[in-house]
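Structural overview for review
As a plain string of letters, each chain reads:
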Amino acid sequence: MKYRPVGTSGVKVSEIGFGCWTMGGPNWSALTGAPIGWADVNDADILAGIKAGLDAGVNHWDNADIYGNGRAERTLAQSLGTLGVSRQTQVIATKVGHFRGTAPYGYEPAHIRNQCEQSLRNLRTDYIDIYYFHHGTYVGPGYDGQAHDYLHEAAGVMHDLVKEGKVRAVGQSAYSIEDFERAVPVLRPHVLQNKANLRYDEFIAPGSPLRRLMREHGCTFVAFGPLDQGILLDKFDPDNPPAFLEGDYRGNRKDFTPEILRTVRGLLAKARERLGSAATPGTPEDTAFLSSMASRWVLAHENVCSVIPGFRNERQARCNVRAAVDAPMSEADRAWLGGLFGGVR
Ligand SMILES: NC(=O)c1ccc[n+]([C@@H]2O[C@H](COP(=O)([O-])OP(=O)(O)OC[C@H]3O[C@@H](n4cnc5c(N)ncnc54)[C@H](OP(=O)(O)O)[C@@H]3O)[C@@H](O)[C@H]2O)c1
């Protein structure tokens, strides 16, 4: 495993980090009632997956207050405790912003402080290595019900938490270039987070305005979704698309259609050929090959410090660390794969 810097913070994360969203199990949006979690989660399987990650050198765990409304943070802490892992050896990231509790908005300053204290209790620690603002929409309702811009106040609270030793590195997760461009000069984060994979490269592609922004502010990038929730592993049958269990967030995603799954399958066949895979499609060896290819492709981009695939069990965890032992992707393969998948949605 290799480790890369989180901006100028001094924190270093494993190139393969593990996303903790699935650990939270199912939960539902307080605003819309839509599922925002994962069904059928088994704590013993998660423990075995965490152990497999640690054995491979994973030190980066990406969590959030809203994943299972605190369950994912507690499960991570419980698991690391059970495995006897020393806190100082691990980089624990968590986020605030989507979970509002009884506050008028997730970025209300006192609420950020409350959530930080709750995350510290859930994680059984007295500091968070990377604390993210989870989204880039800083305008929301105030106590008077009127629209209020929380950006400067929220940034102020975050920097106070750093001064108090409760946060080591500051992160901004957001879903559009515009949101990043507004937040970054005010918050001055060390690291940005968003989705990046063979199908979505808006934030990491050469020429992306986000790359310029990151260079200007000395930020690095954590990429979620490197495997696109299994789509890039060719695990779903286009003729029989998956029907997810009640409570699985993917039931609301529009990407699991026969057309998309068929298109991706065709592109993955070409990618296997170019990269010389000898594995038979559909076998565990093939899944590991595709997982490694997808993660190494993202890691071959400037500024990316870590990819954070999720996992349910030991098998998936072992598969997803394969990228750490394979040789880094060449620039020629990175560019070729980018061209192959470019714009495929
Ligand atoms: N900042 C943000 O707003 C944000 C948003 C999304 C995610 N994240 C972070 O990014 C992490 C990753 O999220 P993600 O969107 O990429 O989803 P994900 O957590 O990677 O998706 C997990 C699902 O992918 C499948 N999977 C993963 N590895 C597999 C393998 N080796 N073989 C077969 N299936 C495999 C499993 O599906 P099955 O259930 O079918 O087995 C698993 O349930 C999250 O845990 C979270 O920490 C952050």
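Attention in this report is confined to the structure presented alongside it. (Residues numbered from 1 in each chain as written. Predicted model: local features only at pLDDT ≥ 70, side-chain atom pairs only at ≥ 80, totals over all residues.)

1. Re the overall build of the protein
For the protein, the helix and strand inventory stands at 10 helices and 12 strands. The C-alpha radius of gyration computed for the protein amounts to 19 Å, which stays within 12% of the reference 20 Å derived for 345 residues, consistent with globular compactness. By its C-alpha atoms, the protein is 60 × 45 × 40 Å across when sized along the principal axes. Across the 345 residues in the protein, those meeting the buried criterion constitute 46%. Across the protein, contacts joining residues at least 24 apart in sequence account for 73% of those joining residues at least 6 apart. (Helix = DSSP H or I, 4+ residues; strand = E, 2+ residues; numbered from the N terminus. Rg over C-alpha atoms; globule rule 2.2 N^0.38 Å. Buried ≥ 20, exposed ≤ 12 C-beta atoms within 10 Å, placed from the backbone. Contact = placed C-beta atoms within 7 Å.)

2. Structural notes on the site of the ligand
The full set close to the ligand counts 26 residues, and Gly19, Trp21, Phe224, Gly310 and Cys319 are the nearest of them. Within the residue set of the shell around the ligand, elements represented by two or more residues are α8 (284–299) and α9 (314–320). Taken together, the residues of the shell around the ligand break down into 10 nonpolar, 13 polar and three charged. (Near = placed C-beta within 6 Å. Nonpolar A, V, L, I, M, F, W, Y, C, P; charged D, E, K, R; others polar.)

3. Examining the environment of Glu259
With respect to the element layout, Glu259 can be found in helix α7 (residues 258–275). Each C-alpha atom, one on Glu259 and one on Asp239, is 9.2 Å from the other, the two residues being 20 residues apart in sequence.

4. Quick look at the nonpolar core
Formed by 91 residues in total, the largest nonpolar core has its most connected members in Ile130, Val191, Phe221 and Ala223. If you tally residues by element for this core, the top one is α8, at eight residues. What Val191 contacts, discounting residues up to four positions off in sequence, is Val6, Gly7, Ile130, Ala169, Gly171, Cys219, Thr220, Phe221, Val222 and Cys305. (Core = buried A, V, L, I, M, F, W, Y, C linked by C-beta atoms within 7 Å.)

5. Some points on the environment of Phe224
As for its placement among the helices and strands, Phe224 is situated in strand β11 (residues 220–224). If near-sequence neighbours (up to four positions away) are discounted, Phe224 is found in contact with Gly19, Gln193, Asn194, Lys195 and Ile308.

6. A few points about the packing of helix α1 (residues 43–55) against helix α2 (residues 71–82)
At their nearest, the axes of α1 and α2 sit 10 Å apart, and the two run at 60° to each other. Taken together, the axis directions place α1 and α2 in an arrangement best described as oblique. Crossing of α1 against α2: the hand is right-handed. Mapping the contact onto sequence places Asp43, Ile46, Leu47 and Ile50 in α1 and Thr75, Ser79 and Thr82 in α2. Classifying every residue of the contact of α1 with α2 by side-chain character gives three nonpolar, three polar and one charged. (Axes fitted to C-alpha atoms, helices over the stretch in contact; angles between N-to-C directions. Parallel < 35°, antiparallel > 145°, perpendicular 65-115°, else oblique. Left-handed = near helix turned anticlockwise from the far one by under 90°.)

7. Things to note about the sheet that holds strand β6 (residues 128–133)
Within a beta sheet, neighbouring strands are joined by backbone hydrogen bonds and run either parallel or antiparallel to one another. Pairing within the open sheet is parallel, and its eight strands lie in the order β3-β4-β5-β6-β9-β10-β11-β12. Lying at the two open borders of the sheet, with one neighbouring strand each, are β3 (18–19) and β12 (304–307). Relative to β6, strand β5 (residues 91–96) runs parallel, the two sharing four bridges. Of the residues in β6, the one forming a bridge with Ala93 is Ile130. Lying over the sheet, helix α5 (residues 177–187) contacts β6, β9 (167–173) and β10 (191–195), oriented at roughly 160° with respect to β9. (Pairing = 2+ DSSP bridges.)

8. Brief notes about α2
Helix length check: α2 (12 residues) gives 16 Å between terminal C-alpha atoms against 16 Å at 1.5 Å per residue, within 8%. Residues of α2 that are buried make contact with α1, β4 (60–62), β5 and α3 (109–123). (Expected span 1.5 Å × (residues − 1).)

9. Looking at the pairing of β5
When you tally the buried positions in β5, you get six out of six residues, the bulk of the element. Residues Val91, Ala93 and Lys95 line one face of β5 and the alternating positions Ile92, Thr94 and Val96 line the opposite face, and both faces are buried. The pairing of β4 with β5 spans three bridges and is classified as parallel. Residue pairing for β5: Asp62 is matched across the bridge by Ala93. With α2 bridging β4 and its parallel neighbour β5, the resulting β-α-β unit is right-handed. Considered for its hand, the β-α-β crossover made up of β5, α3 and β6 is right-handed. (Right-handed = clockwise from strand over helix to strand, strands pointing away.)

10. What about helix α4 (residues 151–163)?
Across its 13 residues, α4 extends 19 Å between first and last C-alpha, which sits within 8% of the 18 Å expected from 1.5 Å per residue. Among all positions in α4, only Ala154, Ala155 and Met158 are buried. Down the axis of α4, the buried side of the element spans an arc of 100°, and every buried residue falls inside it. With respect to the buried face of α4, the exposed residues turned more than 90 degrees away are His152 and Lys163. Gly165 sits one or two positions beyond α4 and adopts a positive phi of about 80°. (Arc of directions from axis to C-beta.)

11. Structural notes on the packing of α7 against helix α10 (residues 331–341)
With their axes 10 Å apart at the nearest point, α7 and α10 run at an angle of 165° to one another. With respect to α10, the element α7 is oriented roughly antiparallel. Crossing hand, α7 versus α10: right-handed. Every residue of α10 that contacts α7 at Leu267, Lys270, Ala271, Arg274 and Leu275 is listed here: Asp333, Trp336, Leu337, Leu340 and Phe341. Partitioned by chemical class, the residues of the contact of α7 with α10 number seven nonpolar, no polar and three charged.

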